[in-house]
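Close look at the chain arrangement
Single-letter residue listing:
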Amino acid sequence: MHLRTTRHTDLEWDFYYDTVAKKYTSSNLFFDARKGPFFGGVSYALLNAPGRFFTETIDTNNNDQQTLVGSPPSNFKQMRVLGGFGDPNRPGLALAANAGLDINLGTIQYAAVQATYNWNCCGLSVEYRKYE
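Residues numbered from 1 in each chain as written. Predicted model: local features only at pLDDT ≥ 70, side-chain atom pairs only at ≥ 80, totals over all residues. Heavy atoms only, no water.

**A closer look at the overall build of the protein**
Formally: Helix numbering and strand numbering both begin at the N terminus, where a helix is a DSSP run of H or I of at least 4 residues and a strand a DSSP run of E of at least 2. Only heavy atoms enter the contact rule, under which two residues are in contact if any of them lie within 4.5 Å. To be clear on the numbers: accessible area is Shrake-Rupley with a 1.4 Å probe, and residue cover counts the displayed protein chains and nothing else.
The number of helices and strands found in the protein is 0 helices and 10 strands. For the protein, the N- to C-terminal ordering of α and β elements is β-β-β-β-β-β-β-β-β-β. Put simply, of all contacts in the protein between residues at least 6 apart along the chain, 32% involve residues at least 24 apart. Accessible surface computed for the protein: about 9,900 Å², of which carbon and sulfur atoms make up 60%.

**Things to note about the pairing of strand β3 (residues 23–35)**
Here is the key point about a regular strand: its side chains alternate between the two faces of the sheet. How we decide: If DSSP finds at least two bridges between two strands, the strands pair.
Looking at chain direction, strand β2 (residues 9–18) and β3 are connected through 10 bridges and run antiparallel. Its bridge partner lying in β3, Phe15 is registered against Ser27. In this structure, the hairpin formed by β2 and β3 is closed by a connection of 4 residues, where Lys22 is found at a positive phi of approximately 55°.

**Examining the pattern of salt bridges**
Put simply, the rule reads: Criterion for a salt bridge: a side-chain nitrogen of Lys or Arg within 4 Å of a carboxyl oxygen of Asp or Glu. Accessible area is worked out with a 1.4 Å probe on protein chains only. A residue is then buried under 20% of its type maximum, exposed over 50%, and partly exposed in between.
Summed over all chains, the structure comprises 5 salt bridges. With a closest N to O distance of 3.6 Å, Arg80 and Asp32 form a salt bridge. Here Arg80, found in strand β7 (residues 74–85), pairs with Asp32, found in strand β3; they are 48 residues apart in sequence, far enough to count as distant. Note that Arg129 is salt-bridged to Glu127, the shortest N-O span being 2.2 Å. Classification of Glu127 by relative accessible area gives partly exposed; the value is 36%.

Here you go:
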């Protein structure tokens, strides 16, 4: 669901429902705003997926007994923040920075800063990214 709440703000919600497990496996909420040359955004992502790996255990005393044990489900929570100035698709200066925060661990997963200057015919962009 994507709503343009005003000319300067957007709100979006994406969710996924697992019909086999009968539960929501992810939910993402985004909010973006622009006021003149300034823009910003924040998002929250939740992933609650079932385990992907299974371990097979065989009782050696009784060969006909088997147990399949699944890994625990992932419970991932992330917040993204974004801020900047200008428009990287138009002539002039544009600056932006963003970061992704792992809420479960309380750490920064990634961060980036970007500076762009565009002329009418071409442009120059410099970006620095850091991943944990």
